[in-house]
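Understanding the architecture of this molecule
Residues per chain are reported as follows:
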Protein chains: 2
Amino acid sequence: MVDAGAPQTSIAIVCGGGTIPGAVADAIARSGRRPVMLAIRGWADPNLVERYTHHWIAVGQAGRLFRLAHAENCREAVFIGTLTRPALSQIRLDWRTIRMMPRIIRAFAGGDDRLISGIAKLAEETGLRIIGVKDVAPEILVPQGVLGRYQPSARDRTDIACALDLIATLGSFDVGQAVVVANNYVLAIEAAEGTDNMLARIASLREEGRVTTPKGVGVLVKAPKPRQDQRFDLPTIGPQTVANAARASLAGIAVAAGNTIMADPADLIAAADRAGLFVVGVSGGQCRE
Amino acid sequence: MVDAGAPQTSIAIVCGGGTIPGAVADAIARSGRRPVMLAIRGWADPNLVERYTHHWIAVGQAGRLFRLAHAENCREAVFIGTLTRPALSQIRLDWRTIRMMPRIIRAFAGGDDRLISGIAKLAEETGLRIIGVKDVAPEILVPQGVLGRYQPSARDRTDIACALDLIATLGSFDVGQAVVVANNYVLAIEAAEGTDNMLARIASLREEGRVTTPKGVGVLVKAPKPRQDQRFDLPTIGPQTVANAARASLAGIAVAAGNTIMADPADLIAAADRAGLFVVGVSGGQCRE
């Protein structure tokens, strides 16, 4: 319940692409707080951000971002949504950002992990605390356990453990939140292409006869990189992920419980049940020989 | 020089797909030994194997393979050429193979590494020694150093070291002989799709604006997996690899010196010089933070 007399707590949502920023804003509003959308031009969906108080910012306008958050009485901000590495032509710098440039460039040189945690550090110096989805919208994170009607088999569980171990091993390279393992055999590792592209590749390789594992064998596993700052860039699954996993003839999907965002959970589960795929939230696991 | 009076040493070449089995046979013949082609039906190129004494075998005919090698006086065999995992319908079993089945199945369960070393072990029990390309055709392996006109830059060398380290790390998962790293950022890791597919993916991601590293930055690195039995399945590059790397706007190609096969070396180097790409044989390297 919100006390109409007291000023509402405002939370800035720095919005990248996709539907998740909207789901986070809805969750914040449901909990009686006021979402302020700081929408990144070129990535954020206008229809979605316009449902709440919003301002447009460009990549590179860190000064404007901090100023807007302050003007809107936000002490906390959550960064959410897709933001593929922008091209130089999409970047608009403001003076504050230019003054921070040497540090931003140092952060850039280290891959995504360092870029986003570098930006969080800069924000916190201006008095804006960066929080995670876990803090404001835990209900959109995948819980532990099976979500739909189907269960992973013992073989699927072995593949899941192997995949989690592989993702953990890749962690120090700032790459790979997702892999596909079938019958203990690694079919694909995601890097710059994204999960949907990776799953489409497996479907094609099957058609070409270059992947010969039987249909219905193989698991998509997504988990945050071990060193990843979990306030940013959590893995995400949605109904589209299920559709692509079904097209790749996989048995199911396993994700890190508590650290993976669900887009449209009801549709996701309905899609999995229709396709005969399991969806499970898991934690940990080792399978290397 | 071959002493026409003495019986020639015969070497069996178990031929998969591609042009490399022909190059190995030519090298064996040039050194005064007699190549005997045991051509795997569905993979080996008929035009190529018919230039020498040859027999056709199917996947699964281990008994026939050992019998033919023995009948042709071969004490040594080299396995060479591509052999993507066959579908069950392509496998023809003979009795000897069936008797070995329990052990072959155990080898199969462990991914490529264990499959091929399992088969080598079975061969050696019948008195057929499995040797590597290094032993019979060292001239088709990439030597240490720069091959063509172009040199890797300092940044390219950092990317190469990072990629070699990543391949070493992936070794225990029996995956990934090839990766692409650009400006310290991992763009792609090869699994079941093969190098050509991986490079085509980078070209597409660039066109879609999803890879924004400048053109001419990024290196394809291929190296054997650390636990790999180097008598089998060495990484291979050829003119096609250069063409695909150029299409992906990379700076060049680095491969493990002494452990990578060159298809058509003269064409490969000419293609690299025309495209402005470097090709270099390297060893070792570490770059992780």
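In what follows, the structure referred to is the one given above.
Summarised in this report is the structure supplied together with it. Please read all numbers here as calculations on a predicted model, not as lab measurements. (Residues numbered from 1 in each chain as written. Chains lettered and ligands numbered in written order. Predicted model: local features only at pLDDT ≥ 70, side-chain atom pairs only at ≥ 80, totals over all residues. Heavy atoms only, no water.)

**Considering the overall build of chain A**
Helix and strand content of chain A: ten helices and 13 strands. Considering only contacts within chain A whose residues lie at least 6 apart along the sequence, 73% involve residues at least 24 apart. Taken as a whole, chain A presents about 12,500 Å² of accessible surface, with 52% of it coming from carbon and sulfur. (Helix = DSSP H or I, 4+ residues; strand = E, 2+ residues; numbered from the N terminus. Contact = heavy atoms within 4.5 Å. Areas by Shrake-Rupley, 256 points an atom, 1.4 Å probe, with all protein chains shown as cover.)

**Some words on the sheet that holds strand β1 (residues 10–15) of chain B**
All names here are of chain B. One open sheet holds the five strands; their spatial order is β3-β2-β1-β4-β5, and the pairing between them is parallel. At either margin of the open sheet sits one strand with a lone partner, and together these are β3 (53–57) and β5 (129–131). Ignoring strand direction, the axes of neighbouring strands in this sheet form an average angle of 30°. Summarising the sheet, β1 and strand β2 (residues 34–40) pair through six bridges and their orientation is parallel. Paired with C15 across the strands is A39, a residue of β2. Where helix α3 (residues 62–71) meets the sheet, it contacts β1, β2, β3 and β4 (74–80), and its direction lies at approximately 165° from that of β3. (Pairing = 2+ DSSP bridges. Axes fitted to C-alpha atoms, helices over the stretch in contact; angles between N-to-C directions.)

**Focus: the pairing of strand β7 (residues 178–182) of chain B**
Residue and element names in this part refer to chain B. With five of five residues buried, β7 is to be regarded as a mostly interior element. Residues A178, V180 and A182 point to one face of β7 and V179 and V181 to the other, with burial holding for every one of them. Where β7 and strand β9 (residues 219–222) come together, four bridges link them in antiparallel fashion. Opposite V179, over in β9, you have V221 as the bridge partner. (Buried < 20%, exposed > 50% of the residue type's maximum accessible area, 1.4 Å probe, protein only.)

**A closer look at the state of the cysteines**
All names here are of chain A. One pass over the full model with this rule turns up zero disulfides over all chains. Left without a disulfide partner, C15 is nearest to the cysteine sulfur of C74, which lies 11 Å away. A relative accessible area of 0% places C15 in the buried class. Of the residues examined, C74 reaches a relative accessible area of 4% and is grouped as buried. (Disulfide = S-S within 2.5 Å.)

**Regarding unusual backbone geometry**
All names here are of chain A. For D264, which is not glycine, the phi torsion reads 45° and is therefore positive. With respect to the helices and strands, D264 occurs in the loop between β12 (261–262) and α10 (265–275). The class for D264 is partly exposed, based on a relative accessible area of 40%.

**Some thoughts on the sheet that holds strand β4 (residues 74–80) of chain A**
Residues and elements named next belong to chain A. Ordered by their spatial adjacency, five strands build an open sheet running β3-β2-β1-β4-β5, and the pairing between neighbours is parallel. Here the strands that pair on one side only, and so sit at the sheet edges, are β3 (53–57) and β5 (129–131). The average undirected angle you get between the axes of adjacent strands in this sheet is 30°. Contacts between helix α3 (residues 62–71) and the sheet are confined to β1 (10–15), β2 (34–40), β3 and β4, with β3 contributing the most and set at about 165° to the helix.

**Considerations on the side chain of S10 of chain A**
Residues and elements named next belong to chain A. Mapped onto the secondary structure, S10 falls in strand β1. Look at S10 and you get buried, because its relative accessible area is 6%. A polar side-chain atom of S10 sits 2.6 Å from a polar atom in the side chain of R34. (Polar contact = N/O pair within 3.5 Å; in protein donor to acceptor, adjacent residues only side chain to side chain.)

**Focus: helix α10 (residues 265–275) of chain B**
Looking only at α10 of chain B, the buried set comprises L268, A271, A272 and D273 of chain B. Positive phi appears at G276 of chain B, one or two residues downstream of α10 of chain B, with a value of about 75°.

**A closer look at the pattern of salt bridges**
Throughout the structure, instances matching the rule amount to twelve salt bridges over all chains. For the salt bridge of R129 of chain A with E76 of chain A, the shortest nitrogen-to-oxygen distance reads 2.6 Å. Remark: E76 of chain A occurs in strand β4 and R129 of chain A occurs in strand β5; sequence separation between them is 53 residues. Where salt bridges share partners, they join E193 and R201 of chain A together with E193 and R201 of chain B into one cluster. (Salt bridge = Lys/Arg side-chain N within 4 Å of Asp/Glu carboxyl O.)

**Quick word on the packing of helix α9 (residues 239–247) of chain B against α10 of chain B**
All names here are of chain B. Two numbers describe how α9 lies on α10: the axes approach to 8 Å, and their chain directions differ by 15°. Taken together, the axis directions place α9 and α10 in an arrangement best described as roughly parallel. Judged by the twist between their axes, the crossing of α9 over α10 is right-handed. Between α9 and α10, the contacting residues are P239, V242 and A246 on the first element and D267, L268, A271, A272 and A275 on the second. Its residues placed into classes, the contact of α9 with α10 shows seven nonpolar, no polar and one charged. (Parallel < 35°, antiparallel > 145°, perpendicular 65-115°, else oblique. Left-handed = near helix turned anticlockwise from the far one by under 90°. Nonpolar A, V, L, I, M, F, W, Y, C, P; charged D, E, K, R; others polar.)

**Observations concerning the packing of helix α8 (residues 195–207) of chain B against α9 of chain B**
Residues and elements named next belong to chain B. Here α8 crosses α9 at 20°, and the two axes come no closer than 8 Å. Viewed along their axes, α8 and α9 adopt a mutual orientation that is roughly parallel. Two packed elements cross with a definite hand, and for α8 against α9 that hand is left-handed. Contacts between α8 and α9 involve T195, D196, L199 and A203 from the former and Q240, T241, N244, A245 and R247 from the latter.

**Side note on the nonpolar core**
Within the largest apolar cluster, 46 residues are counted, with the highest numbers of intra-cluster contacts made by I160 and I189 of chain A together with I160 and I189 of chain B. Ignoring anything within four residues of it in the chain, the contact list for I189 of chain A reads L166, L170, A178, V179, M198 and R201 of chain A together with L170, V175, I189 and A191 of chain B. (Core = buried A, V, L, I, M, F, W, Y, C linked by side-chain atoms within 4.5 Å.)

**Looking at the side chain of D156 of chain A**
Residue and element names in this part refer to chain A. Along the chain, D156 falls in helix α7 (residues 154–170). No salt bridge is formed by the buried D156; its nearest oppositely charged neighbour, R155, is found at 4.5 Å. In contact with D156, other than residues within four places in its own chain, are V219, A251 and F278. (Lys, Arg positive; Asp, Glu negative; His and termini not counted.)

Purely geometric stuff here, so don't read any function into it on its own.
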